[in-house]
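# Chain and residue survey
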Amino acid sequence: MSRMGDVLAGFHAAWEFESDSVLIRYQRGLRTPKLLSALGERRIPLAAIGRVTLSAGRRGTVVLRAEPRPGADPLMEAAAGQLKEGCDPYRLVLPAERETLAEYYAEELRERLTRSGPADRFLVDAPEAPLSFKAYDGKASFDGRTVRFRWFWTGASSAKWKAGDQSFPVSELSGVEWRSPEVFEGHLRLLRGEAEPVQADQDPGAVVFGLGYGPVHESLPFAAAVLAAVRGRGAAAAVPAIPAPAAPAPRRDPADIAERIRHLGELHVAGLVTDEEFSVKKAELLAEL
């Protein structure tokens, strides 16, 4: 760029131009989309940008956009085109009177771009683990190596209760499917190479969203982090060079165990769980005390 550290500030974000990247800092506040606030800041290598556009926006604004190359950003790959325009982390909205300045920086960026087409690996860093969020039927957590689903008795289907809480090492996953919570049947599904996955509410490898559950600013960064680990980028960084001694498994809250046994009993009485399944699962829960 013309000068190292040049900054172009717009609504909800500011772009700082560096020799080989653009550092995007997102504002925090009630008017800033929650996804952008959650991202905080992102460094976008110029190698990850396919093209730059400048267009008229709404209500006397112009929009500067850096279009990422396919496959360069795990966040955008996980989103798969489902983000609303206002949540696009590659848009910078400016007052129309700054159009000339925006055009100047757009041209500066275009002159620096040397690559186009799909990227062969992720070039933009994924959100860092550990990450977690609450879905409608369970809590999802990711420590950089393993995805865990812990079911909620208030929302989980009998199929998920029968299967029990789940742990998925990233080495066993082939990808991630994220369906926005803002559409019908939103969910996060871990892909394991199966041909025809069942519905998300019946799949122990998926958590389902709902009103207030799995919001975009929590579930999408989670999906991006898992996808990046599955693809191999960032997985090594998530594992310490010298493994720490394994900590003893924390004991569960007795009240929580009692509630889960009560719900299991309801499923048993309703005929959704066999006598054998009830006995085995109850023993597993009691063993966690």
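For the structure, check the block above.
What comes next concerns the included structure.

Reading the values: the criteria
- Positions within a chain are numbered from 1, following the residues in the order the chain's sequence is written.
- Local features in a predicted model are, by the rule used here, given only for residues with pLDDT of at least 70; side-chain atom pairs are given and counted only at 80 or more, and totals for whole chains, interfaces and linings are based on all residues.
- Only hydrogens and water are set aside; all other atoms, that is, all heavy atoms of the structure, feed into the side-chain values.
- Counting from the N terminus, the helices are DSSP H or I runs at least four residues long and the strands are E runs at least two residues long.
- The classification of residues rests on relative accessible area computed with a 1.4 Å probe and restricted to protein chains. Under 20% of the type maximum is buried, over 50% is exposed, and intermediate values are partly exposed.
- Any two residues whose heavy atoms approach within 4.5 Å are treated as being in contact.
- Residue exposure ignores everything except the shown protein chains as possible cover, and the areas themselves are Shrake-Rupley values with a 1.4 Å probe.
- Expected helix span is taken as 1.5 Å per residue step, with the number of steps being one fewer than the number of residues.
- Read the arc as the range of directions from the helix axis to the C-beta atoms.
- Put plainly, a pocket is an open set of points on a 1 Å grid over the protein atoms alone with protein on both sides within 12 Å along at least five of seven lines, a cavity is a set where a 1.4 Å probe fits but cannot get out, and a lining residue has an atom within 4 Å of a point.
- Grid points are joined across faces, edges and corners, and a volume is the space filled by probe spheres set on the points.
- Residues are grouped as follows: nonpolar covers Ala, Val, Leu, Ile, Met, Phe, Trp, Tyr, Cys and Pro; charged covers Asp, Glu, Lys and Arg; every other residue, Gly included, is treated as polar.
- For this analysis, a polar contact is any N or O atom pair within 3.5 Å, provided that within protein one partner can donate a hydrogen and the other can accept it, and provided that sequence-adjacent residues contribute only side-chain to side-chain pairs.
- The rule for pairing is simple: two strands pair if DSSP sees at least two bridges between them.
- Throughout, an axis means a line fitted to C-alpha atoms (over the contacting stretch in the case of helices), and angles, computed between N-to-C directions, take values from 0 to 180 degrees.
- To form a nonpolar core, buried Ala, Val, Leu, Ile, Met, Phe, Trp, Tyr and Cys residues must be joined to one another through side-chain atoms within 4.5 Å.

## What about the overall build of the protein chain?
Along the protein chain, the regular secondary structure elements total 8 helices and 14 strands. Among the 289 residues that make up the protein chain, the fraction classed as buried is 44%. Here the analysis covers contacts within the protein chain between residues at least 6 apart in sequence; of these, 58% occur between residues at least 24 apart. Looking at the protein chain as shown, the accessible area adds up to about 15500 Å², and 52% of this sits on carbon and sulfur atoms.

## Notes on helix α3 (residues 99–112)
Taking 1.5 Å per residue as the helical rise, α3 with its 14 residues ought to reach 20 Å, and the 20 Å between its terminal C-alpha atoms agrees with that figure. Restricting attention to buried positions, one finds in α3 the residues Ala102, Tyr105, Ala106, Glu108 and Leu109. On an axial view of α3, the arc spanned by its buried residues comes to 160°, and they lie on one face. Exposed side of α3, more than 90 degrees from the buried face: Thr100 and Glu111 are the residues found there.

## Notes on empty space enclosed by the protein
Counting across every chain of the model gives 1 cavity of 30 Å³ or more. As a volume, the largest cavity reaches approximately 40 Å³. Along the walls of the largest cavity sit Gln82, Leu83, Lys84, Cys87, Trp178, Ser180, Glu182 and Val216, which together make up its complete lining. Class assignment for the residues of the lining of the largest cavity results in 4 nonpolar, 2 polar and 2 charged.

## Overview of the side chain of Glu16
Looking at where Glu16 falls in the secondary structure, it is placed in strand β2 (residues 13–17). At 2.7 Å, the side chain of Glu16 and the side chain of Arg25 are in polar contact.

## A closer look at the pairing of strand β3 (residues 21–26)
Most of β3 sits out of view: 5 of its 6 residues are buried. Of the pairings in the sheet, the one linking β2 to β3 comprises 5 bridges and is antiparallel in character. Opposite Trp15, over in β3, you have Ile24 as the bridge partner. Taking the residues between adjacent antiparallel strands as the criterion, β2 and β3 are bridged by 3 residues. Bridge count for β3 against strand β4 (residues 41–45) is 5 bridges, and the pairing is antiparallel. Residue Ile24 lies in a different strand from β4, and its bridge partner there is Arg42.

## Considering the side chain of Ser219
Structurally, the position occupied by Ser219 is in helix α5 (residues 216–230). Assessed through its relative accessible area of 0%, Ser219 is described here as buried. Here Trp178 takes part through its side chain, which lies 3.0 Å from a polar atom of the side chain of Ser219. When sequence neighbours within four positions are dropped, the list of residues in contact with Ser219 reads Phe133, Trp178, Pro181, Phe209 and Gly214.

## With respect to the sheet that holds strand β10 (residues 146–151)
On the basis of which strands lie adjacent, the open sheet formed by 4 strands has the order β8-β9-β10-β11 and antiparallel pairing. Of all strands in the sheet, those bounded by a partner on one side alone are β8 (131–134) and β11 (166–169). For this sheet, the mean inter-axis angle between neighbouring strands, taken without regard to orientation, is 10°. Across the sheet, α5 lies against β8, β9 (138–142) and β10, angled at about 140° from β8, the strand it touches most.

## Brief notes about the nonpolar core
Ranked by internal contacts, the top residues of the largest apolar core, which has 67 residues, are Trp15, Val147, Leu188, Leu220 and Val226. Of all the elements, α5 adds the most residues to this core, at 11 residues. Leaving out residues up to four positions away in the same chain, Leu220 has contacts with Leu35, Leu75, Ala78, Ala79, Leu83, Trp178 and Pro215.

## Section: unusual backbone geometry
Cis geometry is adopted by the peptide bond preceding Pro130, which originates at Ala129 and carries an omega value of 5°. Locating Pro130 in the fold gives a position in the loop between α3 and β8. Unlike most non-glycine residues, Arg59 shows phi in positive territory, near 50°. Taking the relative accessible area as the measure of exposure, Arg59 reaches 86% and is therefore exposed. In this model, Ala80 sits at a positive phi of 50°, which is unusual for a non-glycine residue. The residue Ala80 is located in the loop between α2 (74–79) and β7 (91–95) in this model.

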